[in-house]
Amino acid sequence: MPAFEYQAIDAKGKTCKGVFEADTPRLLRSHLREQGLQIFDYKLVNQQSKHKLKGGSKTTVSAADLALITRQLATLISAGLPIEESIEAVSQQCEKPKLQAVIVAVRSKVLEGHSLAESMQEFPRVFNHLYCAMVAAGEKSGHLDGVLERLADYTEQRQALRLKTLQATIYPAVLTLVSIAVVVLLLVSVVPKVVSQFVNMGQQLPWTTQLLINTSEFIASYGIVLFIVVVFVQQLVKRLLLNPPLRLAWDKRVLFLPVIGRVSRQLNTARYARTLSILNSSSVPLLESMAISAQVLGNMHMRSLLLTAAEQVREGSGLYQVLDATHLFPPMMLHMVSSGERSGELGQMLHRAADNQDQQFEAQVSIALGVFEPALIVSMAGIVLFIVMAILQPILELNNLMGM
């Protein structure tokens with residue numbers, strides 16, 4: 001049944017929006033008229049959603065919203081409701097028109113005879129390859145509700161880790177920018193007014209004061225140009241990294257950087273282990289699970305190595321053996337993978353390994369922030385002390401001359 005996204009006016013003259021399924025626009029108008037609404041615009045949801053989501057639009061669904069509708073769907077299906085009724089109930093509870101339009105469009109595909117996974121594949125920006133593969137596995141095994149629960153947990157964990165990473169990045173970035181802004185303000189606004197008095201007197205200036213003057217003049221003259229150059233270089237690097245060979249070489253180099261490399265390795269290995277764990281627990285074949293898990297990684301070099309590892313497993317190698325050969329995973333995780341293979345509980349052991357990696361990441365972030373903040377404060381204090389001493393030195397020398 002077609003679904004329409006409409007805009008209408010109620011009896012009080014207030015504009016309202018919604019999504020409703022009807023065979024024809026005439027039935028849509030009739031239904032809205034019964035509710036006291038006067039329709040003035042409508043669009044087919046199926047066509048509109050496909051155009052927006054597959055035609056290159058940046059419209060996406062947040063991880064929190066996706067986790068919510070996934071858990072709602074799992075609860076309704078576990079209660080014994082048919083899939084189409086469960087989807088309809090979720091769409092009615094959804095408060096966001098764009099997301100509601102997607103859910104209604106998925107239900108329309110299901111009513112046409114497609115499976116839930118096939119219907120969701122029509123909207124890859126909302127339901128990615130991992131999501132659809134797990135839903136397909138759940139439909140085949142008859143445990144769709146359990147698979148959806150694991151998907152909701154996975155989505156929430158990914159969102160929580162993304163927020164922690166964002167917080168770990170924003171705090172030092174803001175602190176650094178504020179510190180730089182304070183120093184620049186001192187050099188551009190305060191220093192020239194104070195030091196100009198000594199220059200006018202023709203006094204012999206110490207090297208610290210002269211260095212301060214030169215730095216202040218350089219920032220005042222070329223500060224904007226320097227900022228533009230930095231932004232240009234940043235955008236140039238960003239565009240160059242769109243080239244796959246350059247991105248592959250860059251990602252490989254990142255893994256060997258002192259601190260960033262370790263963090264990148266931990267984040268990606270934890271994501272790989274958790275994804276592989278969920279797919280394995282959802283009865284997705286190991287080879288397909290490894291290929292999907294590799295695709296969710298942000299580092300192209302690691303993705304390439306793990307796709308090669310999947311091909312080696314296809315040729316008969318063991319999972320522990322091929323993962324060990326990549327030199328990407330820590331010994332503890334490899335040990336847990338080996339134990340899982342021998343005991344037949346690979347999914348559970350991978351889940352524990354991912355939890356262990358996440359805990360190590362959080363601990364390292366806490367340590368890094370604990371070291372960075374006092375180090376930045378000490379650096380700022382040193383710079384301000386240098387500025388103050390460079391200003392005071394001519395004054396002290398002048399006082400000494402007058403005292404003689």
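The residue count restarts for each chain, going from 1 along the sequence in the order it is written. Two thresholds apply to this predicted model, a pLDDT of at least 70 for residue-level local features and 80 or more for giving and counting side-chain atom pairs, whereas whole-chain, interface and lining totals are computed over all residues. Neither water nor hydrogens contribute to the side-chain values; these are computed over all heavy atoms in the structure.

**Brief notes about the overall build of the chain**
Secondary structure elements are defined from DSSP: runs of H or I of at least 4 residues count as helices, runs of E of at least 2 residues count as strands, and each element is numbered from the N terminus. Along the backbone of the chain there are 16 helices and three strands. Throughout this description, buried means an accessible area under 20% of the type-specific maximum (1.4 Å probe, protein chains only), exposed means over 50%, and partly exposed covers the range between. Classification of the 404 residues of the chain by burial places 37% in the buried group. In the chain, the share of contacts with a sequence separation of at least 24, taken over all contacts with a separation of at least 6, comes to 62%. Here the open area of atoms and residues is found with the Shrake-Rupley method and a 1.4 Å probe, where only the protein chains shown may cover a residue. A total of about 23,000 Å² of accessible surface is found on the chain, and carbon and sulfur atoms cover 61% of it. Residue contacts are defined here by distance: any two heavy atoms, one from each residue, within 4.5 Å place the two residues in contact.

**A short note on the packing of aromatic side chains**
Only Phe, Tyr and Trp rings are paired, with Trp represented by its six-membered ring, and only when their centres lie within 6.5 Å; those with planes under 30 degrees apart are stacked, over 60 edge-to-face, the remainder tilted. A complete count under the given rule lists three aromatic pairs for this structure. Ring centres 5.2 Å apart and planes at 50° place the aromatic pair phenylalanine 127 and tyrosine 131 in the tilted group. Judged by relative accessible area, which is 3%, tyrosine 131 ranks as buried. Taking the centre distance of 5.4 Å and the plane angle of 40° together, the rings of phenylalanine 218 and tyrosine 222 count as tilted. With phenylalanine 218 and tyrosine 222 both in helix α9 (residues 207-240), this residue pair falls four residues apart, about one helical turn.

**Comments concerning empty space enclosed by the protein**
Cavity and pocket criteria rest on a 1 Å grid covering protein atoms alone: a 1.4 Å probe that fits but cannot get out defines a cavity, protein on both sides within 12 Å along at least 5 of 7 lines defines an open pocket, and an atom within 4 Å of a point defines a lining residue. Grid points are joined across faces, edges and corners, and a volume is the space filled by probe spheres set on the points. On inspection of all chains with the given rule, the structure shows two cavities of 30 Å³ or more. There is about 90 Å³ of room inside the largest cavity. Contributing to the lining of the largest cavity are Ile69, Thr70, Leu73, Ile87, Val90, Ile103, Val106, Leu116, Met120, Phe127 and Tyr131. The biggest single contributor to the lining of the largest cavity is helix α3 (residues 63-78), with three residues. In this count, Pro and Cys sit with the nonpolar residues alongside Ala, Val, Leu, Ile, Met, Phe, Trp and Tyr, while Asp, Glu, Lys and Arg are called charged and the others, Gly among them, polar. Partitioned by chemical class, the residues of the lining of the largest cavity number 10 nonpolar, one polar and no charged. One number sums up the size of the second largest cavity: a volume of about 70 Å³. Tyr154, Gln157, Arg158, Leu161, Ala270, Arg271, Arg274, Thr275 and Asp358 are the residues that line the second largest cavity.

**Comments concerning the UniProt feature "transmembrane region" (unreviewed entry) in the chain**
UniProt positions are given in the numbering used here, feature names are shortened, and annotations may be inferred rather than shown by experiment. UniProt records the feature "transmembrane region" (unreviewed entry) for residues 168-191, 211-233 and 375-396 in the present numbering. Taken end to end, residues 168-191 is 100% helix and 0% strand, and its two terminal C-alpha atoms sit 34 Å from one another. For residues 211-233, the end-to-end C-alpha separation is 28 Å, with 100% helix and 0% strand making up the annotated structure.

**Regarding the packing of α3 against helix α4 (residues 83-93)**
At a closest axis distance of 9 Å, the pairing of α3 and α4 adopts a crossing angle of 140°. Put simply, α3 runs oblique to α4. Like other packed secondary-structure pairs, α3 and α4 cross with a definite hand, here right-handed. On the side of α3, the interface is formed by Ile69, Gln72, Leu73, Leu76 and Ile77, while α4 contributes Ile83, Ser86, Ile87, Ala89, Val90 and Gln93. In the contact of α3 with α4, the residues fall into eight nonpolar, three polar and no charged. The axes used here are C-alpha line fits, helices contributing only the stretch in contact, and every angle between their N-to-C directions lies in the interval 0 to 180 degrees. Any angle that is under 35 degrees is reported as roughly parallel, and any over 145 degrees as roughly antiparallel; angles of 65 to 115 degrees are reported as roughly perpendicular and all others as oblique. Left-handed describes a crossing in which the near helix is turned anticlockwise from the far one by less than a right angle; the clockwise case is right-handed.

**Focus on the side chain of serine 91**
Within the element layout of this structure, serine 91 appears in helix α4. Classification of serine 91 by relative accessible area gives buried; the value is 7%. At 2.6 Å, the side chain of serine 91 and the backbone oxygen of glutamate 88 are in polar contact. Leave out the neighbours within four places in its chain, and serine 91 touches Gln100, Ile103 and Val104. Counting of polar contacts relies on pairs of N or O atoms within 3.5 Å, with two restrictions inside protein: one atom must be capable of donating a hydrogen and the other of accepting it, and residues adjacent in sequence are counted only when both atoms are side-chain atoms.

**Here we look at the side chain of threonine 269**
Mapped onto the fold, threonine 269 is located in helix α11 (residues 260-281). Under the relative-accessibility criterion, threonine 269 is labelled buried at 1%. A polar contact of 2.7 Å, which involves the side chain of threonine 269, links it to the backbone oxygen of arginine 265. Excluding residues that lie within four positions of it along the chain, threonine 269 makes contacts with Met302, Leu328, Phe329, Met333 and Gln357.

**Remarks on the nonpolar core**
Membership of the largest hydrophobic core comes to 38 residues, with the highest contact counts inside it found for Leu116, Met120, Phe127, Val135 and Leu148. Going through the elements one at a time, α3, α4, α5 (97-111), α6 (116-120), α7 (129-141), α8 (144-200) and α11 are the ones with two or more residues in this core. The element contributing the most residues to this core is α7, with seven residues. Leave out the neighbours within four places in its chain, and valine 135 touches Leu116, Ala117, Met120, Leu144, Val147, Leu148 and Leu151. Only buried residues count toward a nonpolar core, which is a set of Ala, Val, Leu, Ile, Met, Phe, Trp, Tyr and Cys residues joined through side-chain atoms within 4.5 Å.

**Remarks on the packing of helix α14 (residues 319-326) against helix α15 (residues 331-343)**
Two numbers describe a pair of packed helices, the interaxial angle and the distance between the axes. Remark: α14 packs on α15, axes separated minimally by 9 Å, with the N-to-C direction vectors making an angle of 165°. Considering their axes alone, α14 and α15 lie roughly antiparallel with respect to each other. Between α14 and α15 lies a crossing of right-handed hand. The residues of α15 that touch α14, namely those facing Leu319, Tyr320, Leu323 and Asp324, are Leu334, Val337, Ser338 and Glu341.

**Describing a nonpolar patch on the surface**
In this analysis, a patch consists of residues with relative accessible area above 30% that form no salt bridge, clustered at 9 Å for like charges and at 5 Å for the nonpolar side chains Val, Leu, Ile, Met, Phe, Trp and Tyr. By convention in these notes, a salt bridge is any Lys or Arg side-chain nitrogen within 4 Å of a carboxyl oxygen on Asp or Glu. On the surface, a cluster of nonpolar side chains totalling about 1,100 Å² of accessible area is made up of Phe218, Tyr222, Val225, Leu226, Val229, Val230, Phe232, Val233, Leu236, Val237, Leu240 and Leu246. For the nonpolar patch, the element with the most residues is α9, which contributes 11 residues. Examined against the element boundaries, valine 237 turns out to sit in helix α9.

**Examining the pattern of salt bridges**
Applying the stated criterion across every chain, the model contains eight salt bridges. For glutamate 149, the salt bridge goes to arginine 71, with nearest N and O atoms at 2.8 Å. Of this pair, glutamate 149 sits in helix α8 while arginine 71 sits in helix α3, and the two are 78 residues apart along the sequence. Looking at arginine 71, the relative accessible area reads 25%, which means it is partly exposed. Across the pair arginine 247 and aspartate 251 runs a salt bridge, and its minimum N-O distance is 3.0 Å.

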